[in-house]
Structures are given as C-alpha cells and as structure tokens.
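As a plain string of letters, each chain reads:
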Amino acid sequence: MARYIIKRLILLFPVVFGVATLVFFLIHMIPGDPVEVMLGETAMPSAKEDLRKALGLDKGLAEQYITFLKNTASGDLGRSLHTSRPVLSAVIERYPATLELTITALIISILISIPAGIISAVKKNSIIDRLAMLSALFGVSIPNFWLGPLLIILFSVQLGLLPVAGRESIYHLMLPALTLGMGMAAILSRMTRASMLEVLNKEYITAARAKGLSNFAVIVKHGLRNALIPVVTVIGLQFGALLSGAVITETIFSWPGIGRLMIQAINTRDYPLVQGCILIIALSYVLINLLTDILYAYIDPRIRYE
Amino acid sequence: MLRFVQPAFPCLWLKSYISRRIKKTDESLVLQRYFHTFIFLATSLFLLVSCKGDFISKKDELVAAFESSPTNLDPRLATDANSGRIIGLIFSSLLRFDEKLNLVSDLSEKWENPNPVTYIFHIKKAVKFHNGRELTAEDVKYTFESILNPSFLSPHRKSYEKVKAIIAIDKYTVKFLLSEPYAPFLINMTMGIVPKDDAEKAKRDFTIRPIGTGPFVFERWIADERIELKRNADYFEGKAKLSKLIFKIISDDTIRLLGLKTGEIDFIQNAIPPDLISSLSKDKNITILTGDGVNYSYLGFNLTDPVLKDKRVRKAIAYAIDRNSIITNLLAGIAEPAAGVLPKSNWAYEEDVTKYEYNPDKARRLLDEAGFADPDGDGHKERFRLVYKTTNNDLRKMIGEVLQKNLKEVGIGLDIRTYEWGTFYNDIKTGNFQLYSLSWIGIVDPDIYYSIFHSDMMPPNGNNRNRYKNTEIDRLVAEGQRVLSYKDRKKIYSKVQKIAAEELPYISLWHQKNVAAMRKDVKGFVLFPDGDFSSFKNIYKE
C-alpha cells in the first residue's frame, strides 16, 4: 500500500507540470493586458512601461515561461500582479472557505442521497422510489444560479431564518452548502439506487437471506457495502469538481472562496494568481482521487494495491 | 447576535412518537427504523438550521453593499470607484467637492494663488491621523512627491506632471510651484493625504492598513467579503454619528437587493439594475433617492474606418437612435439624454449645441447623400454592415439589441459582439473596433476634452480612442488648460462642445443618474453627483 501511494505521489509531478504549462500558455493567449486593467484610464504611457518592467511582463513569453517553471519548482508561485501579495498565501487564505463549503455540501448530499438511494432500491417502483427519483431529476436539472436565489427568497426573505450572503457564522454556511449539495445529492442518490439494485439481485444476497440474516443486515452489510464502490468513485470525482466548480455558488452567496478569487484574477489578467489557483485546484483534484482509490481498499477487502 | 432555541426537545418528542407508532415486527421494520432515523437526523438538522438568527444590521452601524470589491485603499494608487468611496471616508484631502461639486476646504483652511504658477495652502491645525500624530505640511509634501516618484508607479502621476516643486514653508503651510499655468490643478488637490512615516514604512502594503485623517478608521478587510471601518473619535470636524460602517461585497444583483429587503443590508448606491428599481420602490421599508450624476455614456466610432469617417454617416446614426425609448424602457428613466460630454450641472455646460432627436427619415436622407443608397428600399438588403462591440454586461447587451433594431430601420446592419471586459478593453485601446459604447465616469472638469479629443492623446498616450483629429479642437483644449479664469475657460469649452456636437467624434447617449436605495430608518444621507460618501459621517438610524 505504501509503495502504491508513493508511486501515485510521484505521478503528481508530471500532472502538475502539464497543468502548469497548459495554464501558462492558455492565460497568456487570452487577449487583454494586466497593466491596462491595473493602471486604468489616466496613467501615462511611461508609467505603463515602468510597471510592465517591474512585473517582468516586458520579457518574451518563452523567458517568462522558464522563469515561471523554475519558480514553481521551488515552490514559489510568484506575486499577484494587482496586490503584489504572494500568490501562495492569497490562495491558502481562501482555501479554507472553499473547503468548508464543499465538505458541508458533501455531507448534506451524502445524508440525503445514500438513504434515499437505498430506500428507492429496496422499495423499487413504490411511491417513495418515484418521489425520490423525481426529486433527484429536479436536483440535477436545477442550476445553482436559480436554486440559490430561490432558497434565499424562501429562507431569508420569507421566513427570515437565514442570512442572505457572506461568511460570518455557521448560519451563513447553510444556504450555499444546501445549494451546492442538492445537485450532488441528486446524482448520488440515482447512483446509489442503481448500484444497490444491481447488488440486491446478486446470489450472495439470496444466500445471506437464506441463512436467516435480518433484512437490515442483508441490506446494509451485504448490499450497501458492495454497492458503495461506484458511489465512492462518484463522490471523489464530485468532491474534486466541487472544489473548482463552486464558483457560481460562491458568487451568489458572496462566499470568499477560491472560485471567486480565480474569476477575479481572470478578469484582471492577474496571470500568477490564475496560475496559482488552477495549480492548487488541480493538485487537490489529484489528491482527492488518490484518497478515493485508497478508500476502495477499505470498503472492498478484495482490492489490494501493489 | 444569535438567538438559540434548544432543538433537542422537539426532536426527542418526534423520536418517541415514531417509536410508539412502530409496533410491527415484520421484516420491513428495520428498514423503517432506518428511514425514521434519517427523518430524525434531517429534522434535527432542520431545527438547528431554523434557530432564528438575528442577521439584520445593528442600530449604530450601517451595512452598505458593493457590487465589486475595492481594489486598493491607498489613495495614491486606487483608480476604481468603490475604492474611491472608502478612501474618501478614511482620508481627508486639501480640498474636496461639496454636494454641488464646488471645491471647498477640507484640510486646508484657505488657499491662495498669488501668480498663475503658484498655489499656497494653509493647513488646519490640530488635525490628527488615526495613529494619533498631527498632520503637517510635510505629510502633504510627501503624499504628492511619492505620487510623482516614477518608481512608486502611481497611476495618478500624470495629473501632477506640471508640479515642479512642493515646498513645506512651515508646519502648516505648503506651496506648490507649477511649470506652467494649469487650470485643472485645484481639482487634483482632492487627493487623500497619507502620513509620511507610516506610508514610507509600509510602502505598497499601506493599502492593507491605510491610515488617514478622515471621519472613519480602517478596521479590517476580508478580501472579497467585507471591509469594516469604525468611527474616528478625534475627527477634526466632529465625530460621526454611527460607530461602525460595514461594506459587504455582493456581486450578484438579485442577492444584493434581497439583502436590502431582509434588512441585512442598509444601503446600496448605483449597484441596482434599472429593471429591479420598480420592485424595490414598492417595498414600504425602502427609500429610493435619485439625483443627477457625472457619468456619460456614448457611442464611439473608429474614425479611421472608411464608412465611419464620413460625418454624414455618423449624423445619420445619431438621428437613428431612439435614446428616449432606451432611457424609458431599459434604464427605467434613471438617465438624462445627453447632448455632450459635460452634464447640465457642470459649470462649463453649453446648452446651445446641435442636438440629434430621433428622426429615422432624416437619417435615411443623410445616408443617401453620403452615397450609401438602400439597395431595395424597405426590403431586407442593407446599405452596409457595422460591428458593434460591447461587454457581456446584460444591460449593455440589451442596449446593443435596441441599437441594432434602430439602425435596421434606416438600412444599416449591426453585428453585436460581446466580450468579457479585459478583452473588450484591449480591443478598444488597440483600435480594433468599428462601433462601441462605453462611459466616462466622474466628469467634474471640462479638461476631460483634452484627453479624449486632442490628437496627441491617441492611445497609448491617452484616451482619444476614436482617433479624432481636429486642429481647432487641439488648440482650444490646450488653451483651456492654460487659462485660469472660469469665465474665459467657459467660453473656450463652449466652442469645444459646439464643434464636438457638429463633428460627432462621439454620439452622446445619456448621463446616468445616481440612485441610492436604503432602509427607511437610515436618515441623513445626501446624494452627491460624483457618488461620494461624504455624508456618511452624518448618517444615523431612527
């Protein structure tokens, strides 16, 4: 297992290198000039030249790329063009907010989807199943930019229970996490249901029933445990996607996470900051996938890594 | 701040109720129990969530919402409007604008202009910075010298180019020597004064812990979330009525307004989409104020374009646009039709210029005259096609669609291309456009004509993006900088406005009004034409 993890960790380097290169060239390909955006309308041309020089933007793209690679390799992601703060500390400052939101959303979605999926599978084609799957269809189809305001109108404006936006207390976390969690719950509950249905038809389930196990034990110990593997994969992938894809939810609820930081950086052509954000997101994505793979071994003892 | 109710009690009751109901022992019981546990968990979660929190703002604080985050709180470096609003609360300047845009004293007790190139300011005594130290002439000298220092990379350096020397005569007197007479000099004295020692030490980090002499003291800045200021008890004009100001950054239009409706937000200025104003005005708890502004929206041309360089074509387009309809229907009436760059309230405004009322017939005639005959009368064929570039802002896109329809009526085809801001701005700067629309904000001095119409000011030197060239305008706008008396300047700019309205390097669209929406209990706010928050120190809640 340890060897496997080390192998996977070594594989991180080519991935990060690939992402870094891709991001570097893509962001430089977008038209727009960070200096223009920074200095605005009134600046004199010489000031723009001075700034360009100070930021190292006057050098050729190849030279900038090599400097960027060198610095990234030594763990230096550079400084934001706008605030001249180190990129790493700006990203790290925002990361907890995104993590907090994503993990809560994940918990909410698991709490909703796994029970819903199991019940739907066990009570296949019953009213509960139909209702659960219908709401799952809604959950998948409703975009966050619509669900978010809808939840705000209900919980904040009409009921006055929860705050509209910001990140101050646990109450501020509820609506964005619910918004983000709903879509994921929908996907997961359908996944759980399908996977459970498949497992429940297996011979070992019949065998388990035949040896007189209680229904609960059959479903949870023999059924759910086997059905969880594809579900865990999806959770892992979704979690990674949420980390980078919470941009809309973060924007709606003014949640100061990494997604908003990245959008702002793109708008102002803050090259180092965009690169930093994407690198960190890519890194988390890869690590979460690794974690998911390791989790398999615990869920299914048959899986062993060399 | 939060009121808690004990969620456990109703949940326990619910659980015992459920277990009382479950008497069956059939095989589905276990499953049902699982289901009930789930309901129990979900209910507890809901009850926990439902503990009603008190999120509305407190009585001695004001919560204002911004649509985008201020980028820099150092007055010497900031360029965006929202940074300017907060800087105006933290810092004081030698002069400031009042609510009629007259220059009045702020830190200076009085000022003299003994000859055209010398300005002397007498600074008020016993004005304290938020760090407790007294403000002196040395701080004033340092502030402007740091802007002029090329290595400080201030975007405002150009405004002070004509300053040759700054001399601190004594502790409370400072003298500015200019290289030549420069009329807009005084409006540049509205720059916030920074404390020499702290600013020198903090360098560019001064933006994250700004120290000024204004009515409010910087407290904290959580990036992209909020900025908090507290009252300056030692403010030289008497302390503010509210003890705290909170600026929340909420970029979604709808959410910002919902915050105002719930009372979580007390105040929003200008960041209100026109189509949502009517819904707000129906709310009994909200007051809406509107007033004339200093922003100008225009349609820009690329004057090097073979079609657009013909004045008759530009006039035809001006006649073809139904401004009033756009103002009424898209802007909810929150704008005044414009006849030139300067708003009516400006001292140099000239009323007697050529105006272009909506007149499609005249537009068609002008196009015929210019040699662009309509190939098939009212049919589908067009005289020519133009490309109109704009940002991906919803309102701008809608305005583009109306322009498209207006121009179609006179036989001109219009392709609308929307871009994200950075890309759009780059195209405008590099001259890669035919038609575009943009706004100039904060127009207080007619000297703006120099930077947008003087032929030396074509990018990258300045903002003459349309590549306009007219020797008479060049002469006039240069003279307007040198002549100091308001009367003489007014004559000069009156000519400039007449020529511009006749030649149409820009088509004037409208002057956006200022709109402020606030909770009913917020009192004492005064709308400034430039959107300044000066009146925040007098705001209180009933």
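On a predicted model such as this, the values are computed, not experimentally measured, just so you know. (Residues numbered from 1 in each chain as written. Chains lettered and ligands numbered in written order. Predicted model: local features only at pLDDT ≥ 70, side-chain atom pairs only at ≥ 80, totals over all residues.)

Here's the deal with the overall build of chain A
Filter applied, for reference: Under the DSSP-based scheme used, a helix requires at least four consecutive residues in state H or I and a strand at least two consecutive residues in state E, with every element numbered from the N terminus. Here exposure depends only on C-beta density: within 10 Å of a residue's C-beta, 20 or more other C-beta atoms make it buried, 12 or fewer make it exposed, and intermediate numbers make it partly exposed, the C-beta atoms being placed from the backbone. Residues are scored as being in contact if the C-beta atoms we place from backbone atoms lie within 7 Å.
Counting its secondary structure elements, chain A contains 13 helices and 0 strands. Start at the N end of chain A and walk to the C end: the helices and strands fall as α-α-α-α-α-α-α-α-α-α-α-α-α. Dimensions of chain A along its principal axes, counting C-alpha atoms only, are 85 × 55 × 30 Å. Counting all 306 residues of chain A, 42% fall into the buried class. For chain A, long-range pairs separated by at least 24 residues make up 74% of all intrachain contacts whose partners lie at least 6 apart in sequence.

Thoughts on the overall build of chain B
Check the secondary structure of chain B and you find 15 helices and 21 strands. Projecting the C-alpha coordinates of chain B onto the three principal axes gives extents of approximately 100 × 75 × 40 Å. The buried share among the 542 residues of chain B stands at 43%. Within chain B, contacts between residues at least 6 apart in sequence are counted, and of these 68% link residues at least 24 apart.

Here's the deal with unusual backbone geometry
Residues and elements named next belong to chain B. In the Ramachandran plot, Asn 270 falls in the positive-phi region, its phi being about 65 degrees despite a non-glycine side chain. Mapped onto the fold, Asn 270 is located in the loop between β11 (267–269) and α7 (274–281). Its identity as a non-glycine residue notwithstanding, Ala 332 has a phi of 50 degrees, on the positive side.

A word on the packing of helix α5 (residues 87–122) of chain A against helix α12 (residues 258–267) of chain A
All names here are of chain A. Note the cut-off: Axis lines are fitted through C-alpha atoms, for helices just across the contact stretch, and the angle between N-to-C directions can take any value from 0 to 180 degrees. In what follows, roughly perpendicular refers to angles from 65 to 115 degrees, roughly parallel to angles under 35, roughly antiparallel to angles over 145, and oblique to any angle outside these ranges. For this classification, the nonpolar set comprises Ala, Val, Leu, Ile, Met, Phe, Trp, Tyr, Cys and Pro, the charged set comprises Asp, Glu, Lys and Arg, and every other residue, Gly included, is treated as polar.
Look at α5 against α12: their axes get within 8 Å of each other, and the N-to-C directions meet at 135 degrees. Between α5 and α12, the interaxial angle falls into the category oblique. Of the residues in α12, those touching α5 at Ala 90, Val 91, Arg 94, Tyr 95 and Thr 98 are Ile 258, Gly 259 and Leu 261. Among the residues forming the contact of α5 with α12, the class breakdown is 5 nonpolar, 2 polar and 1 charged.

Quick notes on the interface of chain A and chain B
Opposite the 52 residues of chain A that make contact, chain B presents 49 residues. Looking at the side of chain A that touches chain B, the elements that each hand over two or more residues are α2 (34–39), α3 (45–55), α5, α7 (144–158), α8 (170–200), α10 (215–245), α11 (247–252) and α12 of chain A. No other element matches the 6 residues that α3 of chain A contributes to the side of chain A that touches chain B. Classifying every residue of the side of chain A that touches chain B by side-chain character gives 29 nonpolar, 15 polar and 8 charged.

Quick notes on the sheet that holds β11 of chain B
Residue and element names in this part refer to chain B. Heads up, the condition is: Two strands make a pair as long as DSSP finds a minimum of two bridges between them.
Judged by pairing direction, the sheet is mixed, and its 7 strands sit side by side in the order β8-β9-β10-β1-β11-β19-β12 without closing on themselves. Bordering the open sheet on either side are β8 (216–222) and β12 (286–291), each of which pairs with just one other strand. Averaged over all neighbouring strand pairs, the angle between strand axes comes to 20 degrees, with direction disregarded. Of the pairings in the sheet, the one linking β12 to strand β19 (residues 514–519) comprises 6 bridges and is antiparallel in character. Bridging from a neighbouring strand, Ile 288 pairs with Ala 517 of β19.

Focus on the domain arrangement of chain A
Residue and element names in this part refer to chain A. Just so we agree on the cut-off: For every domain, the bounds stem from an assignment made automatically or drawn from a database.
Domain boundaries assigned for chain A yield domain 1 (32–76) and domain 2 (88–299). Between the C-alpha centres of domain 1 and domain 2 the distance comes to 39 Å. Tallied by class, the residues present in the side of domain 1 that touches domain 2 amount to 2 nonpolar, 1 polar and 1 charged.

So, the environment of Gln 269 of chain B
When you line up the elements, Gln 269 of chain B lands in strand β11. Through-space distance from the C-alpha of Gln 269 of chain B to that of Ile 326 of chain B is 22 Å; in sequence the pair is 57 residues apart.

Digging into the sheet that holds strand β5 (residues 118–123) of chain B
All names here are of chain B. With antiparallel pairing, the 4 strands of this open sheet are ordered in space as β4-β5-β7-β6. Among the strands making up the open sheet, the edge pair consists of β4 (108–115) and β6 (163–170). Each strand of the sheet is rotated relative to its neighbour by a mean of 20 degrees, with strand direction disregarded. Bridge count between β4 and β5: 5 bridges; the pairing is antiparallel. Paired with Ser 108 across the strands is Ile 123, a residue of β5. Taken strand by strand, helix α4 (residues 137–148) contacts β5, β6 and β7 (173–178), and its axis lies near 165 degrees from that of β6.

Digging into the packing of helix α1 (residues 2–29) of chain A against helix α13 (residues 271–299) of chain A
Residue and element names in this part refer to chain A. Here is the rule we go by: Take the far helix as your reference; a near helix turned counterclockwise from it by less than a right angle gives a left-handed crossing, and one turned clockwise gives a right-handed crossing.
Viewed as axis vectors pointing N to C, α1 and α13 meet at an angle of 150 degrees, and their least axial separation amounts to 9 Å. The angle between α1 and α13 falls in the class roughly antiparallel. Considering only the axes of α1 and α13, their crossing is right-handed. Each of Arg 8, Leu 12, Val 15, Val 16, Val 19, Ala 20, Val 23, Phe 24, Ile 27 and His 28 in α1 lies in contact with α13, whose residues at this interface are Tyr 271, Val 274, Gln 275, Ile 278, Leu 279, Ala 282, Leu 283, Val 286 and Leu 290. Each residue belonging to the contact of α1 with α13 can be placed in one class, and the counts come to 16 nonpolar, 2 polar and 1 charged.

Concerning the nonpolar core
Put simply, the rule is: In this usage, the nonpolar core is the set of buried Ala, Val, Leu, Ile, Met, Phe, Trp, Tyr and Cys residues whose C-beta atoms join them within 7 Å.
Judged by nonpolar contacts, the single largest core of 145 residues is most densely connected at Cys 277 of chain A together with Ile 90 and Leu 245 of chain B. Summarising the domain contributions, this core has at least three residues from each of domain 1 (32–76) and domain 2 (88–299) of chain A. Aside from chain neighbours lying at most four places away, what touches Leu 245 of chain B is Glu 61, Leu 62, Ala 64, Leu 89, Phe 216, Leu 229 and Phe 536 of chain B. The next biggest cluster of nonpolar side chains, apart from the first, holds 65 residues, and it includes Ile 412, Phe 433, Leu 435 and Tyr 449 of chain B.

Concerning the pairing of strand β18 (residues 506–512) of chain B
Residues and elements named next belong to chain B. Taking burial as the measure, the 7 residues of β18 include 7 buried ones, the bulk of the element. Bridge count for strand β13 (residues 296–301) against β18 is 4 bridges, and the pairing is antiparallel. When the sheet's bridge partners are listed, Tyr 298 is paired in β18 with Ser 508.

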